[in-house]
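A structural walkthrough
Here are the chains, one letter per residue:
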Amino acid sequence: MDKIGTDITRAASILAQGGLVGIPTETVYGLAANAFSPEAVVKIFEAKKRPLFDPLIVHTHSLEAALVFVTAIPNRARKIFDAFAPGPITILLERNKEKIPDLVTSGLDTVAVRIPNHPVTLNLLQELNFPLAAPSANPFGYVSPTTAQHVQQHLGAEVDYILDGGASEVGLESTIVGFEDGKVIIYRLGGLSVEDIEGVVGKVELQVNSSSDPRAPGQLKSHYAPGKKLYLEGSEPKGSDYSKAAYIGFDNLHKDIKPENQLLLSKGGNINEAAQKLFAALRKTDALDVDIVISAKFPESGLGMAINDRLKRAAG
Ligand code: AMP
Ligand code: MG
């Protein structure tokens, strides 16, 4: 039976009955369930084989709808949402414990809130009288999906339905922001650049490397990894056999690797295009007849920071 389609009413009714639906967003595809129902949410963890200490992001269609399940929206959070939502930004807000079950936040006092910028999923959220808990729709530790077909490939047996909204336009997970002692902290680099956020709230602090910190388990060291061993360019073992290597590059080919094993993310050197294509390229290397994957280092500005972060984690 074909589980991929565009029937929003069908998706809404599956979710209302406690089922799992793959949803398109501008960042990556999500694996969604009713965020108010622990029985529905536990299915997400089972399907992904995700450890229960890794909390989920809650998706909603508006700040007004979010007010039902957070205790307050502080001014700075409102400012960031006003500037960038719907969009690739997730904000940690104090959770209303009567609405959001412990399972969703791994027991944390904050809940991660996002308004995704995708017309299909915004329509779906408007049809529902509950928000959607949704992590990326990939098996835990593997590369995130950016098409409905990616979701089908690894979680087709676990989901009840996959809403097809085309390829994700941003291609990287959302940037996660929170507040501590009056400071704005970025816990995960993602589809909204640090520079953009600083343009609205001033200087922010980066806390993206604390791999044992339960506040940002998305920062686990080995994550976003394809099937083949990946090395950042220059750190591959001496004497590596380049005839058995694939290359993920920005706009320039690697001089020693066969052209047919090279994937350039943006021939015109556009960093946003590179971000959009990154995860699909990592997946493609699984099917190439190579033993290792080597990736370029991307410019450390704009979305290049998040691309380098994902590649470092994929390299483990
Ligand atoms: P995913 O959508 O698969 O990228 O996973 C969601 C990520 O959001 C988790 O891995 C965490 O890093 C982060 N997250 C979700 N809820 C919280 C929270 N309450 N506090 C800190 N980080 C969170
Ligand atoms: Mg994920």
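Residues numbered from 1 in each chain as written. Chains lettered and ligands numbered in written order. Predicted model: local features only at pLDDT ≥ 70, side-chain atom pairs only at ≥ 80, totals over all residues. Heavy atoms only, no water.

Remarks on the overall build of the protein
Under the convention used in this document: Strands are runs of DSSP state E lasting at least two residues, helices are runs of H or I lasting at least four, and both sets are numbered from the N terminus onward. Only the C-alpha atoms count toward the radius of gyration. The rule for a globule is 2.2 Å times the residue count to the power 0.38. Note on exposure labels: buried denotes an accessible area under 20% of the residue type's maximum, exposed denotes more than 50%, and partly exposed covers the range between, all computed with a 1.4 Å probe on protein chains only. Residue contacts follow a heavy-atom distance rule, with two residues in contact if any of their heavy atoms lie within 4.5 Å. All accessible areas in this document rest on Shrake-Rupley with a 1.4 Å probe, and a residue is counted as covered only by the protein chains that are shown. This count recognises Lys and Arg as positive and Asp and Glu as negative, with His and chain-terminal groups excluded. Where a charge lies is defined by one atom per residue type, namely NZ (Lys), CZ (Arg), CG (Asp) and CD (Glu).
Each helix and strand counted, the protein has 10 helices and 15 strands in total. Radius of gyration (C-alpha) of the protein: 19 Å, near the 20 Å computed for a compact globule of 316 residues. Dimensions of the protein, computed from C-alpha atoms along their principal axes, come out at roughly 60 × 50 × 35 Å. Classification of the 316 residues of the protein by burial places 58% in the buried group. Partitioning the contacts of the protein with sequence separation of at least 6, the portion at a separation of at least 24 is 67%. For the protein, the computed accessible surface area is about 13000 Å², with 50% contributed by carbon and sulfur atoms. Separation of charge centres in the protein, based on 32 positive and 37 negative side chains, amounts to 3 Å.

Concerning the pattern of salt bridges
Cut-off, in case you're wondering: By salt bridge we mean one thing: a side-chain nitrogen of Lys or Arg within 4 Å of a carboxyl oxygen of Asp or Glu.
Applying the stated criterion to the full structure yields 12 salt bridges. Salt-bridge contacts for D102 lead to R95; the nearest nitrogen and oxygen are separated by 2.9 Å. Residue classification places D102 among the partly exposed residues on the basis of a relative accessible area of 48%. K183 is the partner of E205 in a salt bridge, and the nearest nitrogen-oxygen pair spans 3.2 Å. Note that E205 is positioned in strand β11 (residues 205–206) and K183 in strand β10 (residues 183–188), a separation of 22 residues in sequence. Look at K183 and you get partly exposed, because its relative accessible area is 38%.

With respect to the packing of helix α9 (residues 271–287) against helix α10 (residues 304–315)
Inclusion rule: Lines are fitted to the C-alpha atoms to define the axes, a helix being fitted only along its stretch in contact, and any angle between axes, read from their N-to-C directions, falls within 0 to 180 degrees. For this classification, under 35 degrees means roughly parallel, over 145 means roughly antiparallel, 65 to 115 means roughly perpendicular, and everything else is oblique. Take the far helix as the reference: if the near one is turned anticlockwise from it by less than a right angle, the crossing is left-handed, and if turned clockwise, right-handed. For this classification, the nonpolar set comprises Ala, Val, Leu, Ile, Met, Phe, Trp, Tyr, Cys and Pro, the charged set comprises Asp, Glu, Lys and Arg, and every other residue, Gly included, is treated as polar.
The geometry of α9 relative to α10 is characterised by a closest axis approach of 9 Å and an angle of 20° between their N-to-C directions. Comparing their axes, α10 and α9 come out roughly parallel. Judged by the sense of rotation from one axis to the other, the crossing of α9 with α10 is left-handed. In this structure, α9 contributes I271, A274, A275, L278, F279 and L282 to the contact, and α10 contributes G304, I307, R310 and L311. A breakdown of the residues in the contact of α9 with α10 according to their chemical character gives eight nonpolar, one polar and one charged.

Some words on unusual backbone geometry
Cis geometry is adopted by the peptide bond preceding P86, which originates at A85 and carries an omega value of -5°. Structurally, P86 can be placed in the loop between α4 (75–84) and β5 (89–94). Phi at K49 takes a positive value of approximately 55°, unusual for a residue other than glycine. Of note, K49 is situated in the loop between α2 (38–48) and β4 (57–59). Positive phi outside glycine occurs at S106, with the angle close to 55°.

Some words on the sheet that holds strand β3 (residues 30–34)
For the record, the criterion: Only strands that DSSP links by at least two bridges are regarded as paired with each other.
Strand order in this open sheet of 11 strands is β1-β8-β2-β3-β7-β4-β6-β5-β9-β10-β11, and the pairing throughout is mixed. The open sheet has two edge strands with one neighbour each: β1 (4–5) and β11. Note: β5 against strand β6 (residues 110–114), five bridges, orientation antiparallel. Residue pairing in the sheet places L92 in a bridge with A112 of β6. Running over the sheet, helix α1 (residues 8–16) touches β2 (21–23), β3, β7 (132–133) and β8 (161–163) and is turned about 135° from β8.

Here we look at the packing of α4 against helix α8 (residues 194–201)
Contact pair α4 / α8: the axes reach a minimum separation of 10 Å and the direction vectors enclose 125°. Judged by the angle between their axes, α4 and α8 are oblique. Relative to α8, α4 is oriented so that their crossing is right-handed. Each of R76, K79, I80, A83 and F84 in α4 lies in contact with α8, whose residues at this interface are D196, I197, V200 and V201. Of the residues that constitute the contact of α4 with α8, the class distribution is six nonpolar, no polar and three charged.

A look at the sheet that holds strand β12 (residues 229–232)
Read across the sheet, four strands follow the order β12-β15-β13-β14 without closing on themselves; strand pairing throughout is parallel. On the outer flanks of this sheet lie β12 and β14 (262–264), each paired with one strand and no other. When strand polarity is set aside, the average angle formed by the axes of neighbouring strands in this sheet is 20°. Here strand β13 (residues 245–249) pairs with strand β15 (residues 292–295) via four bridges, running parallel. In the strand pairing of β15, Y247 is matched with I294.

A word on the pairing of β10
A large share of β10 lies buried, amounting to five of its six residues. Where strand β9 (residues 175–180) meets β10, five bridges bridge the pair, whose relative direction is antiparallel. Residue pairing across strands places V177 opposite I186, the latter belonging to β10. Here β9 hands over to β10 after two residues, with D181 in that stretch at a positive phi of 45°.

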